[in-house]
Amino acid sequence: MAPYRSPWMDEELDLFRDAARRFVENEILPHDARYREQHHVDRELWNKAGEVGLLCTDIPAEYGGVGGDVRHEAVVVEELGRRGITSLGHSVHSIVAHYLLNYGTEEQKQRWLPRMATGELVGAIAMTEAGAGSDLQAVKTRAHRDGDHYVIKGSKTFISNGLHAGLVGVVAKTDAAQRAKGISIVMVETRDQPGYRVGRVLEKIGQNGWDTAELFLDDVRVPADCLLGGVEGQGFAQLMDDLPYERTLLAIGGVAAMEYALSLTVDYTRHRKAFGKALLEMQNTRFKLAEVKTRVHIARVFIDDCIVKLRDGQLDTVTASMAKWWVTDLQNNVADECLQLFGGYGYMKEYPISQLYVDSRVQRIYGGANEVLKEIIARSL
Ligand SMILES: Cc1cc2nc3c(=O)[nH]c(=O)nc-3n(C[C@H](O)[C@H](O)[C@H](O)COP(=O)(O)OP(=O)(O)OC[C@H]3O[C@@H](n4cnc5c(N)ncnc54)[C@H](O)[C@@H]3O)c2cc1C
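Residues numbered from 1 in each chain as written. Predicted model: local features only at pLDDT ≥ 70, side-chain atom pairs only at ≥ 80, totals over all residues. Heavy atoms only, no water.

Caption draft 1: Structural detail: the site of the ligand. Taken together, 16 residues sit near the ligand, with Met127, Thr128, Ser134, Phe158 and Ser160 positioned nearest. With respect to the ligand, the backbone of Ile125 contributes an N or O atom lying 2.9 Å from a nitrogen atom. For the ligand, a nitrogen atom lies 2.8 Å from a polar atom in the backbone of Phe158. When isolated, the ligand has an accessible area of 970 Å², and the protein chains bury 65% of it. Its residues assigned to classes, the shell around the ligand shows 10 nonpolar, four polar and two charged. (Near = heavy atom within 4 Å. Polar contact = N/O pair within 3.5 Å; in protein donor to acceptor, adjacent residues only side chain to side chain. Areas by Shrake-Rupley, 256 points an atom, 1.4 Å probe, with all protein chains shown as cover. Nonpolar A, V, L, I, M, F, W, Y, C, P; charged D, E, K, R; others polar.)

Caption draft 2: Inspection of empty space enclosed by the protein at higher detail. Scanning all chains against the criterion turns up two cavities of 30 Å³ or more. Approximately 50 Å³ is the volume attributed to the largest cavity. Elements that contribute at least two residues to the lining of the largest cavity include exactly α1 (11-28) and α4 (70-81). Per-element tally for the lining of the largest cavity: the top contributor is α1, with four residues. Its residues assigned to classes, the lining of the largest cavity comprises 10 nonpolar, one polar and one charged. Those elements that place two or more of their residues in the lining of the second largest cavity are α8 (243-271) and α10 (317-341). (1 Å grid on protein atoms, 1.4 Å probe; cavity = no way out; pocket = protein on both sides within 12 Å on 5 of 7 lines; lining within 4 Å. Points joined across faces, edges and corners; volume = space filled by probe spheres on them. Helix = DSSP H or I, 4+ residues; strand = E, 2+ residues; numbered from the N terminus.)

Caption draft 3: Quick peek at helix α9 (residues 283-311). A rise of 1.5 Å per residue sets the reference length of α9, with its 29 residues, at 42 Å; its end C-alpha atoms lie 42 Å apart and thus fit the reference within 8%. Three or more residues of α9 are buried, namely Thr285, Leu289, Val292, Val296, Ala299, Arg300, Ile303, Asp304, Cys306, Ile307 and Leu310. Contact partners of the buried residues in α9: α4, α8 and α10. Following α9 by one or two positions, Gly313 has its phi on the positive side, about 70°. (Expected span 1.5 Å × (residues − 1). Buried < 20%, exposed > 50% of the residue type's maximum accessible area, 1.4 Å probe, protein only. Contact = heavy atoms within 4.5 Å.)

Caption draft 4: Structural context of the nonpolar core. The biggest cluster of nonpolar side chains holds 108 residues, and the ones touching the most others in it are Ile28, Met116 and Ile152. Ranked by residue count, the leading element in this core is α8, at 11 residues. Every residue in contact with Ile152, bar those within four places of it in the chain, is listed here: Thr141, Arg142, Ala143, Val170, Val186, Val188, Leu217, Asp218, Asp219, Val220 and Val222. (Core = buried A, V, L, I, M, F, W, Y, C linked by side-chain atoms within 4.5 Å.)

Caption draft 5: Focus on the pairing of strand β7 (residues 212-223). Looking at chain direction, strand β3 (residues 149-160) and β7 are connected through 10 bridges and run antiparallel. Residue pairing for β7: Gly154 is matched across the bridge by Leu217. The sheet contact formed by strand β6 (residues 196-201) and β7 spans four bridges and is antiparallel. Bridging from a neighbouring strand, Val201 pairs with Ala213 of β7. (Pairing = 2+ DSSP bridges.)

Caption draft 6: Representation of α1 within the structure. An ideal rise of 1.5 Å per residue puts 26 Å on 18 residues; α1 measures up with 25 Å between its terminal C-alpha atoms. Inspection of α1 places Leu13, Phe16, Arg17, Ala20, Phe23, Val24 and Ile28 among the buried residues, and these make up the whole buried set. Buried residues of α1, seen end-on, are gathered within an arc of 125° and therefore sit on one face of the element. Looking at α1, the residues exposed on the side facing more than 90 degrees away from the buried face are Glu11 and Leu15. For α1, the elements touching its buried residues are α2 (32-38), α3 (44-51) and α4. At the N-terminal end of α1, a side-chain oxygen is found 3.2 Å from the backbone nitrogen of Glu12, two or three residues along, and the residue is Asp10. (Arc of directions from axis to C-beta.)

Caption draft 7: Expanded view of the environment of Val77. Note on placement: Val77 falls in helix α4. Residues in contact with Val77, not counting those within four places in the same chain, are His90, Ser91, Leu249, Ile252 and Gly253.

Caption draft 8: Local environment of the packing of aromatic side chains. Taken as a whole and judged by the stated rule, the model has five aromatic pairs. Measuring from centroid to centroid gives 4.3 Å for Tyr268 and Phe342, while their planes differ by 20°, and the two rings are stacked. You can see Tyr268 sitting in helix α8 and its partner Phe342 sitting in the loop between α10 and α11 (352-360), a full 74 residues away along the chain. When its relative accessible area of 15% is taken as the criterion, Tyr268 is described as buried. Seen from their ring centres, Phe342 and Tyr351 are 6.3 Å apart, and the 75° between their planes marks the pair as edge-to-face. The class for Phe342 is buried, based on a relative accessible area of 6%. Aromatic rings pair up to connect Tyr268, Phe342, Tyr345 and Tyr351 into one cluster. Taking the ring centre of Trp112 as reference, the NZ or CZ of Arg111 above it sits at 4.2 Å. (Phe/Tyr/Trp six-rings, centres within 6.5 Å; stacked < 30°, edge-to-face > 60°. Lys NZ or Arg CZ within 6 Å of the ring centre and 35° of its normal.)

Structure representation (structure tokens):
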């Protein structure tokens, strides 16, 4: 089989990929076990990632970004995924930057994007509450207008980048009488912000290097010009319109993680011996890995098509939802099949396959639970 090269890659992206790979290998991988122990990366990692141009890669240079497109984002997500890194919440940071780029006023873009690109501000998006997950319209957090300010009251949970976030897009009701049309996103700069508090960094079964936290907003007062886009009631539409981007990034990470799992397992079974021969010489191992290789290749071709469509502004929500549910379901299946071939060693934390297994599980839940995504796809039938 001829080596496959993603059709969207080019020489400039090869160089960019080399830089991303070096950064992951030198700055993240050696510390990842510690990040998982402490449940967050070191704060400076964000600034270092900004310095080498790995943040806001698809944000125009006039706002401090790298000036690339979604292919640059894909490269970073892949280089993280191909080494099993889930500690740096790069995708969520990019998603927040995208909300600003697509819906922010000119002044908001100038105010926040350059500082996100350097890593001075880490981005988070706070939608989920104890009583509102998939059903986002049920959020209880309120943002009411008080003169030149909004006053925000509520609490959020499961917020990625929650500990380090310097800029949080808080999803809140500006009109409690309405469902979707009452929702707005208010950008909150967290530093020295009275009433803003980070609660627990949550104990998870996987992705433990990534800070997932509770947030509390107790009469947080922000200037009225922090309302994303400057018009109330746009929040739900803003979130929905950006979903293809968010779901594609999750699926790209899923494909990269599967590619990593496959390469680890081929390598392991080639060297591990049982009954006098390598595991890879046994028919079950060969057939299992043949199946995995086929499925991963199909996923790769599909996601490459999504990346090209996204770059060209042609990726619709239904196709992105297909990519997210199908790839992340497959990711769980592949991690499970590969782990099995490691035997007991696959159950040991020191073997990366065990981390790929636990890290993959949440991919089917966040970014739209896969069942919700199937509903979206079904509506297009
Ligand atoms: C590690 C992690 C990181 C996260 N990061 C963020 C973040 O950065 N920001 C943020 O706002 N949120 C975040 N979340 C929250 C995540 O988006 C929600 O957990 C998710 O939307 C599901 O909501 P829920 O947990 O309340 O489950 P529920 O909404 O209670 O759903 C439970 C289950 O019910 C089923 N279900 C729900 N609705 C339907 C339906 N319409 N049809 C059929 N079945 C359905 C699904 O199987 C679903 O998994 C994160 C969660 C985790 C675990």
